[in-house]
Amino acid sequence: LADGPAAVRARVLDVSGDRVTIEFPALDGETAPEQLLAACVSGEWADRGDFESCRLLEVEWPAGFPGPAFPAASGVAVGAIVKPALGLSPDEAASVASELAAGGAVLIKDDELQRSSPERVRAIDAAIPEHVLYAANVSGADADAIVAAGARALMVNAFLVGLGSIARLREYGLPIFVHRVGSSFLRRGGAVSVSARVLAELTRLLGADYVQVGSFSPRTFDTDEEVREQIAAGLR
């Protein structure tokens, strides 16, 4: 607000063509995902009637984020998804996972549509080698029961259930795969939107060990450059 305290009031630092740099002192030191989302990523600024076009391109994040708990593996690693997403019994899912592991996958995850169950976790855990991670989808599931069943990693639809879920899942001490489903509504918002780079960076900083990006193909809406931006953001 224009009449707010000067020490915390947002102010324009630079205008270069159609690119504007804004300083937001009120967020100095802020690391709560919900507060950052509300204030600068998907908050009321996007609701304003006097905004005809605005895209959040990048953020200089404050220090203090936890970041990933597990280092990236060296070299190229193969990941895979249990398909079809729905309809497979625990034993059928385990059979698919076993074949994926035999084909070289070192990370196997459930689809974002498939909420995992303890029975599914136990079946898959018994069917794959010890070095292969199985990321069970705990979105809307009983995470305690999933972990107790032997999940080796956890997957969450964090943009749907809340980015704060990443911090809560870190308490289990397992690698976390954050699916990006739901983020497209922020990225593809027409005249008012958020860049892929911002969302990938924030996901990683909040503690995601695996950050999903698009693909170098028409299967997803990402351009090749946006895919590269997201990969670079995950490596920071």
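This section reports on the structure supplied with the text. (Residues numbered from 1 in each chain as written. Predicted model: local features only at pLDDT ≥ 70, side-chain atom pairs only at ≥ 80, totals over all residues. Heavy atoms only, no water.)

With that out of the way, let us pick up helix 3 (residues 118-127). Of the positions making up helix 3, those classed as buried are R120, V121, A123 and I124. Buried residues of helix 3 fall within an arc of 170° about the axis and therefore sit on the same side. At its buried positions, helix 3 is contacted by helix 2 (90-102), strand 6 (133-137) and helix 4 (143-148). (Buried < 20%, exposed > 50% of the residue type's maximum accessible area, 1.4 Å probe, protein only. Helix = DSSP H or I, 4+ residues; strand = E, 2+ residues; numbered from the N terminus. Arc of directions from axis to C-beta. Contact = heavy atoms within 4.5 Å.)

Let's shift gears to unusual backbone geometry. Apart from glycine, the bulk of residues carry a negative phi angle, and the bulk of peptide bonds sit in the trans form. With an omega of 0°, the peptide bond running from K83 to P84 counts as cis. As for its placement among the helices and strands, P84 is situated in the loop between strand 4 (79-81) and helix 2.

Let's shift gears to the sheet that holds strand 7 (residues 153-156). Hydrogen bonds along the backbone pair up the strands of a sheet, which may run parallel or antiparallel. Judged by pairing direction, the sheet is parallel, and its six strands sit side by side in the order 4-5-6-7-8-10 without closing on themselves. Two strands lie at the open edges of the sheet, namely strand 4 and strand 10 (210-211), each paired on one side alone. Summarising the sheet, strand 6 and strand 7 pair through three bridges and their orientation is parallel. Its bridge partner lying in strand 7, N137 is registered against M155. (Pairing = 2+ DSSP bridges.)

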